[in-house]
Amino acid sequence: MRHSLDGRVIKAVGGLYTVATEHGRYDCNVRGIFRKHGFTPLVGDYAVVEKIDEQKKTGTVTKFRERKTELVRPRVANVDQAVIVLAAADPPVNPDLTDRLLLLAEERGLEIVICVNKIDLDDQYATALKPYESAGYGVFFVSAKTGGGISGLRAALAGKVSVLAGPSGVGKSSIINSLTENETMQTGEISRKLGRGKHTTRHAELIEISDGMFVVDTPGFSSLELKHIPRDILPGLFPEFRPYLDGCRFNDCRHINEPDCAVKAQTGAGISAERYDRYVMIWNEIGDNEWT
Ligand code: GDP
Ligand code: ZN
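Residues numbered from 1 in each chain as written. Chains lettered and ligands numbered in written order. Predicted model: local features only at pLDDT ≥ 70, side-chain atom pairs only at ≥ 80, totals over all residues. Heavy atoms only, no water.

So, the site of ligand 1
(1) Moving on: Near ligand 1 lie 16 residues; those nearest to it are Asp120, Gly169, Lys172, Ser173 and Ser174.
(2) Moving on: Within the backbone of Gly169, an N or O atom sits 2.8 Å from an oxygen atom of ligand 1.
(3) Moving on: For ligand 1, an oxygen atom lies 3.0 Å from a polar atom in the backbone of Gly171.
(4) Moving on: The greatest single-element share of the shell around ligand 1, amounting to three residues, is contributed by helix α5 (residues 172-180).
(5) Moving on: Taken together, the residues that form the shell around ligand 1 break down as four nonpolar, seven polar and five charged. (Near = heavy atom within 4 Å. Polar contact = N/O pair within 3.5 Å; in protein donor to acceptor, adjacent residues only side chain to side chain. Helix = DSSP H or I, 4+ residues; strand = E, 2+ residues; numbered from the N terminus. Nonpolar A, V, L, I, M, F, W, Y, C, P; charged D, E, K, R; others polar.)

Dropping the structure here:
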């Protein structure tokens, strides 16, 4: 007889919460005290389940562990990682869009990996990703169609909650389907979930790929707007700039046209010129209202 189990909310519908634990899933209500205190449990929250009925697989959430992070769109707690999904072709890599997605994920403090899908369509895919690899991002080349590279990607997701983000048509749903192949969950069930996700606004769910490995069923970062990002944090959101940020002559160097700028000095060497140009472009775009 189990008295208490630790788990994670993977679904929340109308006050009923599905909690995934190491002993399976439980449909749970939550103690009224949470509502009284204005606490809204979210998908992704860590929960403690008690009053367990093993036959019915039901229980009561008596405690939520501290929420580490909260993503707004989709509204999910404790997301660890963003997988930026691109395609080798159809559609081809769009560097401007890619940098925006990376910045949004960096600003949220997420771990980041890049996944290039559809490598079955074009074998020239590696070149466009060089700037990102040299910036330090892990890049995975996969084909959801052939299954190539999927095991490497699966390893990068182990033990984490990941949100997939990327342009429409790059194969995000297909990747989730191939990740779950041969796993406990039925692919058909996932396809239905994903299909539904495309057409209606509703609460996000976590799809459990295997023990402790989850993906959010709804793509992240539906808006690519960066204007909320203050200019003074922008340089630090480019990981390849970070080693040089203390090396500029001026403490408040904007890395645009100051003399003795360590970032500019690295452009074309440790920092790709393409990424630096995008930094300048975005710096101009986001305006200086936050600059002190
Ligand atoms: P999403 O909008 O990012 O979720 O993309 P989908 O998963 O719906 O895929 C868009 C289209 O690309 C579909 O027609 C898929 O069949 C196709 N597709 C997905 N992955 C691959 C792949 O690895 N290779 C090829 N050739 N086509 C793919
Ligand atoms: Zn500088």
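Don't stop here, the text continues.
Quick look at the sheet that holds strand β5 (residues 58-64)
(1) Moving on: In space, the five strands of this closed barrel follow the order β1-β2-β3-β5-β4, with mixed pairing throughout. Strand-to-strand, the axes of this sheet are offset by a mean angle of 50°, without reference to chain direction.
(2) Moving on: In this structure, strand β1 (residues 4-13) lies alongside strand β2 (residues 16-21), joined through six bridges in antiparallel fashion. Within β2, the position partnered with Lys11 by the bridge is Thr18. (Pairing = 2+ DSSP bridges. Axes fitted to C-alpha atoms, helices over the stretch in contact; angles between N-to-C directions.)

Here's the deal with the sheet that holds strand β9 (residues 111-117)
(1) Moving on: One open sheet holds the six strands; their spatial order is β10-β9-β8-β11-β13-β12, and the pairing between them is mixed. At either end of the open sheet lies a strand with only one pairing partner, and these are β10 (138-141) and β12 (206-210). In this sheet, adjacent strand axes meet at a mean angle of 30° when their direction is disregarded.

Observations concerning the coordination of the zinc ion (ligand 2)
(1) Moving on: Each protein donor to the zinc ion (ligand 2) is listed here as Cys248 (SG), Cys253 (SG), His255 (ND1) and Cys261 (SG); together their distances run 2.1 to 2.3 Å.
(2) Moving on: Taken together, the four donor atoms surrounding the zinc ion (ligand 2) define angles of 103 to 113° at the centre, an arrangement classified as tetrahedral.
(3) Moving on: Sequence spacing among the residues donating to the zinc ion (ligand 2) works out to C-x4-C-x1-H-x5-C.
(4) Moving on: Residue Cys248 is classed as buried on the basis of its relative accessible area of 9%. (Donors = N, O, S within 2.8 Å, 3.2 Å for Na, K, Ca; no water. Tetrahedral: all angles 85-135°; square planar, octahedral: opposite > 155°, others 65-115°. Buried < 20%, exposed > 50% of the residue type's maximum accessible area, 1.4 Å probe, protein only.)

A look at the environment of Gly59
(1) Moving on: With respect to the helices and strands, the residue Gly59 is situated in strand β5.
(2) Moving on: Here the alpha-carbon distance between Gly59 and Val19, two residues 40 residues apart in the chain, equals 9.2 Å.
(3) Moving on: Leaving out residues up to four positions away in the same chain, Gly59 has contacts with Asp27, Cys28, Asn29, Val49, Glu50, Lys51 and Ile52. (Contact = heavy atoms within 4.5 Å.)

Some thoughts on helix α4 (residues 150-157)
(1) Moving on: Every buried residue of α4 is accounted for by Ile150, Leu153, Ala156 and Leu157. On an axial view of α4, the arc spanned by its buried residues comes to 115°, and they lie on one face. Along α4, the residues that are exposed and aim more than 90 degrees away from the buried face are Ser151 and Ala155. (Arc of directions from axis to C-beta.)

What to know about the nonpolar core
(1) Moving on: Residues Ile84, Ile114 and Tyr279 are the most contacted members of the largest nonpolar core, which totals 65 residues.
(2) Moving on: Top contributing element to this core by residue count: helix α8 (residues 273-286), with six residues.
(3) Moving on: If we skip the residues at most four places from it in the chain, Ile114 touches Ile84, Leu86, Leu102, Leu129, Tyr132, Tyr137, Gly138, Val139 and Phe140.
(4) Moving on: Counting residues in hydrophobic clusters, the runner-up holds 19 residues, among them Val85, Ile150, Leu179 and Val215. (Core = buried A, V, L, I, M, F, W, Y, C linked by side-chain atoms within 4.5 Å.)

Let's talk about α5
(1) Moving on: Burial analysis of α5 places seven of its nine residues in the buried class, the great majority of the element.
(2) Moving on: Among all positions of α5, only Lys172, Ile175, Ile176, Asn177, Ser178, Leu179 and Thr180 are buried.

Thoughts on the domain arrangement of the protein chain
(1) Moving on: In terms of domain boundaries, the protein chain breaks down into domain 1 (4-64), domain 2 (81-217) and domain 3 (231-286).
(2) Moving on: One C-alpha centre belongs to domain 1, the other to domain 3; they are set 46 Å apart. (Domains from an automatic or database assignment.)

Things to note about the packing of helix α2 (residues 95-107) against α8
(1) Moving on: Two elements in contact, α2 and α8, have axes separated by 11 Å at closest approach and are oriented at 70°. One element, α2, and the other, α8, form an angle in the roughly perpendicular class. Crossing angle aside, the handedness with which α2 passes α8 is right-handed. Listed contacts from α8 to Pro95, Asp96, Asp99, Arg100, Leu102 and Leu103 of α2 are Glu274, Arg275, Arg278, Met281, Ile282 and Glu285.
(2) Moving on: Taken together, the residues of the contact of α2 with α8 sort by class into five nonpolar, no polar and seven charged. (Parallel < 35°, antiparallel > 145°, perpendicular 65-115°, else oblique. Left-handed = near helix turned anticlockwise from the far one by under 90°.)

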